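One-letter residues, chain by chain:
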Amino acid sequence: MKMRLKIENAWLVTMEEEGTPYKGDLLIEHDRIIKRGDCSADEADEVIDGTGYAVLPGLINTHQHSPMSLLRAYSDDLKLMDWLDQKILPAEANMTEEDIRAGARLAMAEMIKSGTTTFADMYIHMSAIAETVEEVGMRASLARGLVFHEPDGGARMTEALALIDQWHGKAEGRITTMFGPHAPYTCPPDALRQVIRLGEERDIPIHIHLAETVEEVSTIRQKYGQTPAEYLHALGLFDQCHVLLAHGVHLSESDIQLLKGMQGGVSHNPVSNLKLGCGIAPVYKLQQEGVTVGLGTDGAGSATTLDMFEEMKAATWMQKLQYGDPTVLPAKEVLKMATIRGAKLLRLDHEIGTLSVGKIADLILVNLNKPHLTPLHQLESLLAYGVSGADVDTTIVNGKILMRNRRLLTIDEKVLLQDVQIRAERIVQSV
């Protein structure tokens with residue numbers, strides 16, 4: 001028998017193209033939204049009182065390195081390459097598979113508690129992360145990170161293909177996969193051509209970093225006489241593949257024209273970009289050219305927080321400042337970047353990203369009964385500019401409640417926090 005859950009008398013923020021928030025009920029049967037509006041009590045097996053709450057689609061974090069939660073606030077206030085070479089890579093070399101599993105679980109706990117229901121991850125030991133996703137109940141698009149500037153006898157590619165073969169479409173359909181070539185500066189032409197060919201043959205998206213720093217742009221220019229975007233375009237990455245580009249900070253006007261019409265789009269990671277001094281991505285210009293832009297946090301090793309509400313604030317404020325125009329990237333648009341635009345980047349918009357009848361029930365309840373969220377005038381503005389992850393009360397994925405009244409239901413939070421503290425201290429001890 002399929003269970004029915006009713007959320008009654010809540011503000012429904014559908015994130016549909018023409019939708020505006022309104023008060024009503026939402027009815028979930030098993031894993032799907034089956035009705036919106038007025039629903040009678042006898043239609044449901046369980047009822048959640050949504051009075052004073054906003055219901056919106058679960059947030060979608062389109063770029064993550066989840067085990068790096070173990071390195072939160074460990075290596076701050078350094079330039080990106082110093083941060084990476086002097087601190088992060090040596091620490092990561094000390095991580096075991098079980099450390100990576102624990103770090104991913106910590107990231108998932110934080111994401112669930114701050115309203116994220118889906119994330120795109122790129123790392124190593126991805127099968128361990130996939131097993132954790134399956135157990136915890138989140139939705140994820142997983143990629144084994146691939147670097148080709150160091151010989152490995154094909155081991156990384158073998159792991160990437162194994163991840164796709166073993167996990168794509170698994171965990172009740174909550175897990176999808178991507179190929180994960182790391183970046184233009186770690187992936188020479190022949191290796192990238194191989195990934196592109198496999199992506200096209202298998203119809204698997206590709207997740208890659210692009211133009212995160214001026215140093216990357218300079219390196220690719222010196223090596224190939226092209227910008228990073230030109231380099232990827234010349235190799236045919238944008239011809240047939242669905243592509244998730246992480247960062248896209250340093251894109252020229254001509255670069256943006258190359259991305260126009262691409263399948264996929266750009267994951268904007270404003271907090272990480274600001275914190276590492278990388279720059280401000282041309283989000284508004286990308287959107288004007290029809291390029292889909294979603295939001296991501298990057299790993300907690302750089303961003304510190306995985307709170308997508310903080311990413312929303314940073315994204316919209318940076319664009320307003322960059323263009324000297326407060327009308328740029330308004331509240332509703334940045335909410336879409338965190339929901340339906342992210343779903344499009346992960347090629348999941350047919351299933352998640354809005355509160356549409358027939359879609360999968362991935363959604364969150366935000367508690368508006370708080371001083372900093374009162375009074376209520378424009379709900380979308382309040383959500384984009386006033387809410388933090390700590391205001392999320394309930395998180396539902398695939399119709400299953402993962403957090404209720406701020407209590408995690410699929411993770412033992414106390415045990416997890418004790419475990420990861422011990423692991424984190426051991427990992428950085430010898431660095």
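- As recorded by an unreviewed UniProt entry, the protein carries the name 5-methylthioadenosine/S-adenosylhomocysteine deaminase and is attributed to Paenibacillus polygoni.
- Turning to the protein, the UniProt annotation filed under Sequence similarities (unreviewed entry) states: "Belongs to the metallo-dependent hydrolases superfamily. MTA/SAH deaminase family."
- As recorded by UniProt, the Function (unreviewed entry) comment attached to the protein reads in full: "Catalyzes the deamination of 5-methylthioadenosine and S-adenosyl-L-homocysteine into 5-methylthioinosine and S-inosyl-L-homocysteine, respectively. Is also able to deaminate adenosine."

### Notes on the packing of helix α2 (residues 97-113) against helix α3 (residues 126-136)
- Two elements in contact, α2 and α3, have axes whose closest approach is 9 Å; the angle formed by their N-to-C orientations is 40°. Comparing their axes, α3 and α2 come out oblique. In terms of crossing hand, the pair formed by α2 and α3 is right-handed. Contact residues: Glu97, Ile100, Arg101, Ala104, Arg105, Met108 and Ile112 in α2; Ala128, Ile129, Glu131, Thr132, Val133, Glu135 and Val136 in α3.

### Structural notes on unusual backbone geometry
- Cis rather than trans, the peptide bond between Thr374 and Pro375 has omega equal to 0°.
- One can find Pro375 in the loop between β14 (363-367) and α16 (379-385).
- A positive phi angle, close to 60°, is found at Asn9, a residue other than glycine.
- Tracing the chain through its elements places Asn9 in strand β1 (residues 4-12).

### Topic: helix α17 (residues 413-429)
- Between the first and last C-alpha of α17 there are 24 Å, a value that for 17 residues agrees with the 24 Å anticipated at 1.5 Å per step.
- Among the residues of α17, Leu416, Val420, Arg423, Ala424 and Ile427 are the ones counted as buried. Buried positions in α17, seen along its axis, are confined to an arc of 105° and lie on one side of it. Seen from the open side of α17, the exposed residues pointing more than 90 degrees away from its buried face are Lys414, Ile422 and Gln429.
- Where α17 is buried, its residues touch α1 (80-92) and α2.

### Description of the UniProt feature "binding site: Zn(2+)" (unreviewed entry) in the protein
- When the UniProt feature table is mapped to this numbering, "binding site: Zn(2+)" (unreviewed entry) covers His63, His65, His209 and Asp298. With the annotated positions falling across 236 residues, the maximum pairwise C-alpha distance of 12.0 Å places them together in a single cluster. Lining the largest pocket, from this annotated set, are His65, His209 and Asp298.
- Within the secondary structure layout, His65 lies in the loop between β6 (59-64) and α1.
- Judged by its relative accessible area of 9%, His65 is buried.
- Beyond its immediate sequence surroundings of up to four residues, His65 is in contact with Asp121, Met122, Tyr123, His209, Asp298 and Gly299.

### Regarding the layout of surface pockets
- In this structure, the largest pocket spans a volume of roughly 850 Å³.
- Along its surface, the largest pocket is lined by 35 residues, and Leu84, Leu89, Glu92, Val147 and His182 are the ones closest to its centre.
- Elements with a contribution of two residues or more to the lining of the largest pocket: α1, β7 (116-123), β8 (139-146) and α6 (214-224).
- The greatest single-element share of the lining of the largest pocket, amounting to eight residues, is contributed by α1.
- Tallied by class, the residues present in the lining of the largest pocket amount to 15 nonpolar, 11 polar and nine charged.
- Taken as a whole, the second largest pocket encloses approximately 200 Å³ of empty space.
- Sort the elements by how many residues they give to the lining of the second largest pocket and α17 lands first, with six residues.
- Here the residues of the lining of the second largest pocket are counted per class, giving seven nonpolar, two polar and two charged.

### So, empty space enclosed by the protein
- The tally for this structure, following the rule as stated, stands at one cavity of 30 Å³ or more.
- Of the volumes computed, that of the largest cavity is approximately 40 Å³.
- The wall of the largest cavity is formed by Ser75, Asp76, Asp77, Leu78, Trp83, Lys275, Leu276, Gly301 and Ser302.
- Of the residues assigned to the lining of the largest cavity, the class counts are three nonpolar, three polar and three charged.

### Let's talk about the pairing of strand β2 (residues 22-29)
- The pairing of β1 with β2 spans seven bridges and is antiparallel. Along β2, the bridge assignment pairs Leu12 with Tyr22.
- Taken together, the five bridges between β2 and strand β3 (residues 32-37) define a ladder with antiparallel strand orientation. Its bridge partner being in β3, Leu27 is matched across the sheet by Lys35.
- Between β2 and the antiparallel strand that follows it, β3, lie two residues; His30 among them carries a positive phi value of about 60°.

### With respect to the side chain of Gln319
- With respect to the secondary-structure elements, Gln319 resides in helix α13 (residues 308-323).
- Among the polar contacts listed, one links the side chain of Gln319 to the backbone nitrogen of Val283, at a separation of 3.5 Å.
- Setting aside its immediate chain neighbours within four residues, Gln319 contacts His268, Ile280, Ala281, Pro282, Val283, Tyr284, Val328 and Leu329.

### Here we look at helix α5 (residues 189-202)
- Along its 14 residues, α5 runs 20 Å from first to last C-alpha, staying within 8% of the 20 Å computed at 1.5 Å per residue.
- Here α5 has its buried residues at Ala191, Leu192, Val195, Ile196, Leu198 and Gly199. All buried residues of α5 fall inside an arc of 165° around its axis, so they share one side. In α5, the exposed residues that point more than 90 degrees away from the buried face are Asp190 and Glu201.
- Those residues of α5 hidden inside the fold are in contact with β8, α4 (155-167), β9 (175-181), β10 (206-210), α7 (228-234) and α8 (237-240).
- Looking one or two places after α5, you find Asp203, whose phi comes out positive at around 55°.

Definitions and cut-offs
Residues numbered from 1 in each chain as written. Predicted model: local features only at pLDDT ≥ 70, side-chain atom pairs only at ≥ 80, totals over all residues. Heavy atoms only, no water. UniProt positions renumbered as here; feature names shortened; annotations may be inferred. Axes fitted to C-alpha atoms, helices over the stretch in contact; angles between N-to-C directions. Helix = DSSP H or I, 4+ residues; strand = E, 2+ residues; numbered from the N terminus. Parallel < 35°, antiparallel > 145°, perpendicular 65-115°, else oblique. Left-handed = near helix turned anticlockwise from the far one by under 90°. Contact = heavy atoms within 4.5 Å. Expected span 1.5 Å × (residues − 1). Buried < 20%, exposed > 50% of the residue type's maximum accessible area, 1.4 Å probe, protein only. Arc of directions from axis to C-beta. 1 Å grid on protein atoms, 1.4 Å probe; cavity = no way out; pocket = protein on both sides within 12 Å on 5 of 7 lines; lining within 4 Å. Points joined across faces, edges and corners; volume = space filled by probe spheres on them. Nonpolar A, V, L, I, M, F, W, Y, C, P; charged D, E, K, R; others polar. Pairing = 2+ DSSP bridges. Polar contact = N/O pair within 3.5 Å; in protein donor to acceptor, adjacent residues only side chain to side chain.

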